Amino acid sequence: MRVLSAPNKLKKQIIMGSSTETAAHTKNILVVFYSQTGQLQKLTEQFAAPLKQHSDICVETLEIKPRQAFAFPWRFMKFFNTFPETVHLQPQAIEPLKFQRERYDLVVIAYSVWFLSPAQPVTAFMQSREAQAVLNNTPVVTLIGCRNMWLMAQEKMKKLLQHAGARLVGNVVKTDQCGSAASFITTPAWMLTGNKKPVSWLPSAGISDEEIADAARFGQKIADTLQADKPLDETLLQNMGAVKINEKLILSERFAHRSFYLWGKLLIAAGKISPLLRKGILCFYIVFLVAVILTVVPVTALLKSLFAPLLKNKIQMQKQQYGWPSGE
C-alpha cells in the first residue's frame, strides 16, 4: 500500500475541504408551477433564468399535473362549473409529488388566478402533506400571472402558506396588457377559443412579452441576494415595482369574491341533490354574473373614485395589506 507523503496529505485535505465548503454553500431552490395555457410556464422560465446561470445555485422545477387534465380551451359550461370548488378550495386531485430534496433554501410558487382564487392544481399542491412538509419554515416567493384581479387569490395563498408554516418573503404579479374593460371580453374569449385576439378591434389578451421578460429582473435580485449570502426576508423585492394595486378594483374584487363564495356554496349543495339542479342554477348565475359585470362593477369603480378623498387612509391601509410583503 502506498503511503501519502505529508505534503500530499495536506494537499488532499485542502482539496476535500474546498469541495465540502462549495457543497455547503450551494443554494437549493424549488420552482413550482401549473400552466394551463403555457403563458405561466414562460413567465416562470424567465423568472428562473438568472438563477440557473450560477453554478452554486441549484434550481429544481416541478410542474403540477392534475390527474384529470383541465382542457384548453375551456368548454363553456365546464369553465363556469369549475368555480364553486375553486372558490371553496376543494380542488381536483393531482399526480403524486416527487421532490429531489427534503429541504430547500427557497420555494417559488407560480400560479394563475381562477375566479379570484388560486388555480385548482396549485391549491391541491398547497393542501398536500408532501408540500406542507417542504414548505414548513421555508422562505417562499409567489409569482402570479393573471388578468388584473389577484388580491383575493393572494390573500387565500397567504393563509395556505401560513397553515404550512412557510414564510412569504416576496410576491411578483404580472397582469394582462389590455385595460380592465377590454379584458372582460378578451380574457374569457381567449379561455373559450384558445385565440388571444379573436377580433381585430380589441387588443390581444394575456401578458405582454415585455412584461414576461421583465420577470427576470426579480430572479436576478434573488440570485444577487443569495450570492451575497444575505438572508431572504420581507425586504427582498421591495421598491422594485413587484406588484401594482389598482385601488379602483379593490371594492369590485371584494364584492365579486363574496358573490362567488355564496353562489358557489349554493351550487355545491345543489349538486349533492341533483346534477340537473346544479346546472339549472348555474345557468341562472351566468346571466346574473354578466349583468353584474355590466352594471355593478362600473358603478363600484365610480363610487370608489368619488369617495377616494374620504377613504384615503382606509385605501392606503388596504394597499399595504394586499401589497405585503413586496409593496408597490
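Because the structure is a prediction, the values reported are computed rather than measured.

A count of helical and extended segments in the protein chain gives 13 helices and 7 strands. Oriented by its inertia axes, the alpha-carbon framework of the protein chain measures out at about 85 × 50 × 40 Å. Within the protein chain, contacts between residues separated by at least 24 positions form 83% of all contacts whose residues are at least 6 apart in sequence. A total accessible area of about 17,200 Å² is found for the protein chain, and carbon and sulfur atoms account for 57% of it. Treating the 38 positive side-chain charges of the protein chain as one cloud and the 23 negative ones as another, the clouds have centres 5 Å apart.

Moving on, we come to the confidence of the model for the protein chain. Low-confidence regions, as indicated by low pLDDT, have predicted coordinates that should not be scrutinised in detail. Per-residue confidence for the protein chain gives a mean pLDDT of 89, with 91% of residues at or over 70. For residues 1–6, every residue scores under 50 in pLDDT, and the model assigns this stretch 2 contacts once sequence neighbours within four places are set aside. In the predicted structure, residues 9–24 sits below a pLDDT of 50 and forms 2 contacts with residues beyond four places in sequence or in another chain.

Below, the discussion takes up the layout of surface pockets. Considered as a void within the structure, the largest pocket measures approximately 1,200 Å³ in volume. Residue lining of the largest pocket: 49 residues in total, with Arg147, Ser183, Phe184, Thr187 and Pro188 positioned closest to the centre. Where the lining of the largest pocket is concerned, the elements lending two or more residues are α2 (39–52), α3 (76–81), β4 (113–114), β6 (139–146), α8 (180–193), α11 (250–273) and α12 (275–306). With 11 residues, α12 is the largest single contributor of residues to the lining of the largest pocket. Considering only enclosed or pocket space, the second largest pocket measures out at about 270 Å³ in volume. Elements represented by at least two residues in the lining of the second largest pocket include exactly α7 (151–164), α11 and α13 (312–323).

This part is about the pattern of salt bridges. Throughout the structure, instances matching the rule amount to 7 salt bridges. Residue Lys174 is joined to Glu211 by a salt bridge in which the shortest nitrogen-to-oxygen separation is 3.2 Å. Placement of the pair is Lys174 in strand β7 (residues 167–175) and Glu211 in helix α9 (residues 209–214), with a sequence separation of 37 residues. A salt bridge links Lys319 to Glu247; the nearest nitrogen and oxygen atoms lie 3.5 Å apart. Of this pair, Lys319 sits in helix α13 while Glu247 sits in the loop between α10 (216–227) and α11, and the two are 72 residues apart along the sequence. Residue Lys319 is classed as buried on the basis of its relative accessible area, which comes to 16%. The structure contains a network of salt bridges with shared partners spanning Lys174, Glu211, Asp214 and Arg217.

Counting residues in each nonpolar core, the largest one holds 61 residues, and the members touching the most others are Phe83, Val107, Ile109, Phe125, Met126, Leu135 and Trp150. The leading source of residues in this core is α7, at 7 residues. Formed by 28 residues, the second largest nonpolar core is a distinct cluster that contains Val31, Phe33, Ile57 and Leu232.

Right, let's get into the pairing of β7. Burial runs high along β7: 7 of the 9 residues are buried. With 8 bridges joining them, β6 and β7 adopt parallel strand pairing. Across the sheet, the residue bridging to Pro139 is Arg167, located in β7. Handedness of the crossover joining β6 and β7 through α7 is recorded here as right-handed.

Attention shifts here to the packing of helix α5 (residues 120–127) against α7. Direction vectors running N to C along α5 and α7 enclose 20°, while the axes themselves pass 10 Å from each other. Looking at the two axes, α5 sits roughly parallel to α7. Like other packed secondary-structure pairs, α5 and α7 cross with a definite hand, here left-handed. Here Val122, Met126 and Gln127 of α5 come into contact with α7, specifically with Met157, Leu160 and Leu161. The class makeup of the residues in the contact of α5 with α7 is 5 nonpolar, 1 polar and no charged.

Quick look at α13 now. Compared with an ideal rise of 1.5 Å per residue, which puts 12 residues at 16 Å, α13 spans 16 Å between its outermost C-alpha atoms and is within 8% of the ideal. When α13 is considered as a whole, its buried residues turn out to be Ile315, Gln318, Lys319, Tyr322 and Gly323. The buried residues of α13 occupy an angular sector of 120° when the element is viewed end-on, so they sit on one face. Residues Asn313, Lys314, Met317 and Gln320 are exposed on α13 and point more than 90 degrees away from its buried face.

Take the environment of Lys52 next. Mapped onto the secondary structure, Lys52 falls in helix α2. When near neighbours in sequence (up to four residues on either side) are disregarded, Lys52 contacts Val59 and Thr61.

Next up on the list: unusual backbone geometry. The omega torsion of the bond from Phe72 to Pro73 falls at 0°, within 30 degrees of zero and hence cis. Mapped onto the elements, Pro73 comes out in the loop between β2 (57–63) and α3. Here the bond from Trp324 into Pro325 is cis, since omega is 5°, no more than 30 degrees from zero. Here Pro325 is to be found in the segment after α13. Backbone geometry places Leu116, a non-glycine residue, at a positive phi of 65°. Here Leu116 is to be found in the loop between β4 and β5 (117–118). A relative accessible area of 7% places Leu116 in the buried class. Not every positive phi belongs to a glycine, and Asn239 is a case in point at roughly 60°. With respect to the helices, strands and loops of the structure, Asn239 is situated in the loop between α10 and α11.

Conventions adopted
Residues numbered from 1 in each chain as written. Predicted model: local features only at pLDDT ≥ 70, side-chain atom pairs only at ≥ 80, totals over all residues. Heavy atoms only, no water. Helix = DSSP H or I, 4+ residues; strand = E, 2+ residues; numbered from the N terminus. Contact = heavy atoms within 4.5 Å. Areas by Shrake-Rupley, 256 points an atom, 1.4 Å probe, with all protein chains shown as cover. Lys, Arg positive; Asp, Glu negative; His and termini not counted. Charge placed at Lys NZ, Arg CZ, Asp CG, Glu CD. pLDDT = per-residue confidence, 0-100. 1 Å grid on protein atoms, 1.4 Å probe; cavity = no way out; pocket = protein on both sides within 12 Å on 5 of 7 lines; lining within 4 Å. Points joined across faces, edges and corners; volume = space filled by probe spheres on them. Salt bridge = Lys/Arg side-chain N within 4 Å of Asp/Glu carboxyl O. Buried < 20%, exposed > 50% of the residue type's maximum accessible area, 1.4 Å probe, protein only. Core = buried A, V, L, I, M, F, W, Y, C linked by side-chain atoms within 4.5 Å. Pairing = 2+ DSSP bridges. Right-handed = clockwise from strand over helix to strand, strands pointing away. Axes fitted to C-alpha atoms, helices over the stretch in contact; angles between N-to-C directions. Parallel < 35°, antiparallel > 145°, perpendicular 65-115°, else oblique. Left-handed = near helix turned anticlockwise from the far one by under 90°. Nonpolar A, V, L, I, M, F, W, Y, C, P; charged D, E, K, R; others polar. Expected span 1.5 Å × (residues − 1). Arc of directions from axis to C-beta.

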